[in-house]
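Report on the structure
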Amino acid sequence: MSLFDKFTRDTEESGNDFFEDDIRPLPPKPPKEPEPEPDDPGYWDRDESEWEHLKPRKSKLLLIFIAIGLLTAAAIIAFYLRFFSPYIDDAVEYGYIEHVERRGTFFQTYEGVMIPYREIHDTTRVYARDFIFSVPDAHLAKRVKELELEHKPVMVSYRRYHATLPWRGSSKIVITAIDTVDPSNILPPEFRPEYTGKQ
């Protein structure tokens, strides 16, 4: 006789079903009495639960929400100052545009290099650096490209940020305006070259 047949026979003979137990529903819980308010005299006479000290007070919750709000506001302000607020604004640089090119895969911006005018004509100092900039505006980039091809000295207005953004360019310096300039008005008299060309 198999185990299954023995189990079935024992169940039929005894009349008990091992899968159905005498399950009775639990009695309903009595309704919970409302908690008295602190203004109620009975509030201070009640027995304190052993878990009462673990419940956060309303004042603590308020302080937690205020702290979270202050931290969020500080993070937003820091993010704005880091990426969107220039720490140098309306600055000016003179020189010659060396080249301008369009770069980027998802965000395409114009990146350029300018040779500062004072670095060319001040022979008392070693050449220090190029002026590397970004041009997020296509119309302004077109004007920069034209002045590059004309080989004219230019004056650029720019902003310098603490950090870069993909849609603003790969340089922290962002050009806001560009115009031609008379080189005889750029340098001090001892460094001014004789300029006979026309603008």
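For the structure, check the block above.
Presented here is an overview of the structure given in this document. Each chain has its residues counted from 1, running along the sequence as written. The predicted origin of the model limits local features to residues at a pLDDT of at least 70 and limits the giving and counting of side-chain atom pairs to 80 or more, whereas totals for whole chains, interfaces and linings rest on all residues. Where side-chain values are given, they derive from all heavy atoms of the structure, hydrogens and water being excluded.

1. Some thoughts on the overall build of the protein chain
Elements are defined by DSSP. Helices are runs of H or I of four residues or more, strands are runs of E of two residues or more, and each kind is numbered from the N terminus. Helix and strand counts for the protein chain come out as four helices and five strands. Buried, partly exposed and exposed residues are distinguished by accessible area as a fraction of the type maximum, computed with a 1.4 Å probe on protein chains only: under 20%, between the cut-offs, and over 50%, respectively. For the protein chain, the proportion of its 199 residues judged to be buried stands at 23%. The contact rule is simple, with two residues in contact once any of their heavy atoms fall within 4.5 Å. A separation of at least 24 residues holds for 55% of the contacts in the protein chain among residues at least 6 apart in sequence. Here the Shrake-Rupley method, with its probe set to 1.4 Å, supplies the accessible areas, and only the displayed protein chains count as covering residues. Surface exposure of the protein chain reaches about 15,600 Å², of which carbon and sulfur atoms provide 58%.

2. Examining the side chain of arginine 168
Tracing the backbone through its elements, the reader meets arginine 168 in the loop between strand E4 (154-160) and strand E5 (173-180). His is not counted, nor are the chain ends; Lys and Arg add positive charge and Asp and Glu add negative charge. Salt bridge, as used here, is a side-chain nitrogen of Lys or Arg placed within 4 Å of a carboxyl oxygen of Asp or Glu. No salt bridge is formed by the buried arginine 168; the nearest opposite charge belongs to glutamate 111, separated by 9.7 Å. Here a polar contact means two N or O atoms within 3.5 Å. Within protein one must be a hydrogen donor candidate and the other an acceptor candidate, and residues neighboring in sequence count only if both atoms are side-chain atoms. A polar contact is formed between the side chain of arginine 168 and the backbone oxygen of alanine 163, at a distance of 2.7 Å. Excluding anything up to four places from it in sequence, arginine 168 contacts Phe83, Phe84, Thr109, Ser134, Pro136, Tyr161, Ala163 and Val174.

3. What to know about unusual backbone geometry
Located in the positive-phi region is aspartate 90, a residue other than glycine, with phi close to 60°. Structurally, the position occupied by aspartate 90 is in strand E1 (residues 88-103). Of note in this structure, histidine 151 is not a glycine but carries a positive phi near 55°. Here histidine 151 lies in the loop between helix H4 (138-150) and E4.

4. What to know about the packing of aromatic side chains
A pair of aromatic rings is counted whenever rings of Phe, Tyr or Trp (Trp by its six-membered ring) have centres within 6.5 Å, and the orientation is called stacked for planes under 30 degrees apart, edge-to-face for over 60 and tilted otherwise. Summed over the entire model, instances satisfying the criterion amount to seven aromatic pairs. Ring geometry for tyrosine 80 and phenylalanine 84: centres 6.4 Å apart, planes at 15°, overall stacked. The class of tyrosine 80 is partly exposed, set by a relative accessible area of 47%. Taken together, the ring pairs in this structure connect Phe79, Tyr80, Phe83 and Phe84 into an aromatic cluster.

5. Observations concerning the pattern of salt bridges
For the coordinates displayed, the defined rule picks out five salt bridges. Arginine 103 serves as the salt-bridge partner of glutamate 101, at 2.7 Å between the closest nitrogen and oxygen. Residue glutamate 101 is classed as partly exposed on the basis of its relative accessible area of 33%. Residue arginine 103 is classed as partly exposed on the basis of its relative accessible area, which comes to 37%. Taking the shortest distance from any N to any O, the salt bridge between lysine 145 and glutamate 148 comes out at 3.2 Å. Of the two residues, lysine 145 and glutamate 148 both sit in helix H4, three residues apart, roughly one turn of that helix. For lysine 145, a relative accessible area of 32% puts it in the partly exposed group.

6. Re H4
Here, expected helix span is obtained from the residue count minus one, scaled by 1.5 Å. In this model, H4 (13 residues) spans 19 Å end to end at C-alpha, consistent with the 18 Å of a helix rising 1.5 Å per residue. When H4 is considered as a whole, its buried residues turn out to be Leu140, Ala141, Val144, Leu147 and Glu148. Buried residues along H4 cover an arc of 120° about the axis, so they all sit on one side. Projecting away from the buried face of H4 at angles above 90 degrees are the exposed residues His139, Lys142 and Leu149. Buried residues along H4 sit against E1, strand E2 (109-116), strand E3 (131-135), E4 and E5. With a side-chain oxygen lying 3.4 Å from the backbone nitrogen of histidine 139, the N-terminal cap of H4 falls on aspartate 137. Just downstream of H4, histidine 151 is the residue with a positive phi angle, here 55°. Here the arc refers to the directions that run from the helix axis out to each C-beta atom.

7. Points about the nonpolar core
Buried Ala, Val, Leu, Ile, Met, Phe, Trp, Tyr and Cys residues form a nonpolar core when they are joined through side-chain atoms within 4.5 Å. Formed by 17 residues in total, the largest nonpolar core has its most connected members in Ile97, Phe131, Phe133, Ile175 and Ile178. Per element, the largest residue contribution to this core is four residues, and it comes from H4. With residues near it in sequence (within four places) discarded, isoleucine 175 still touches Phe131, Phe133, Ser134, Val135, Pro136, Leu140, Val156, Ser157 and Tyr158.

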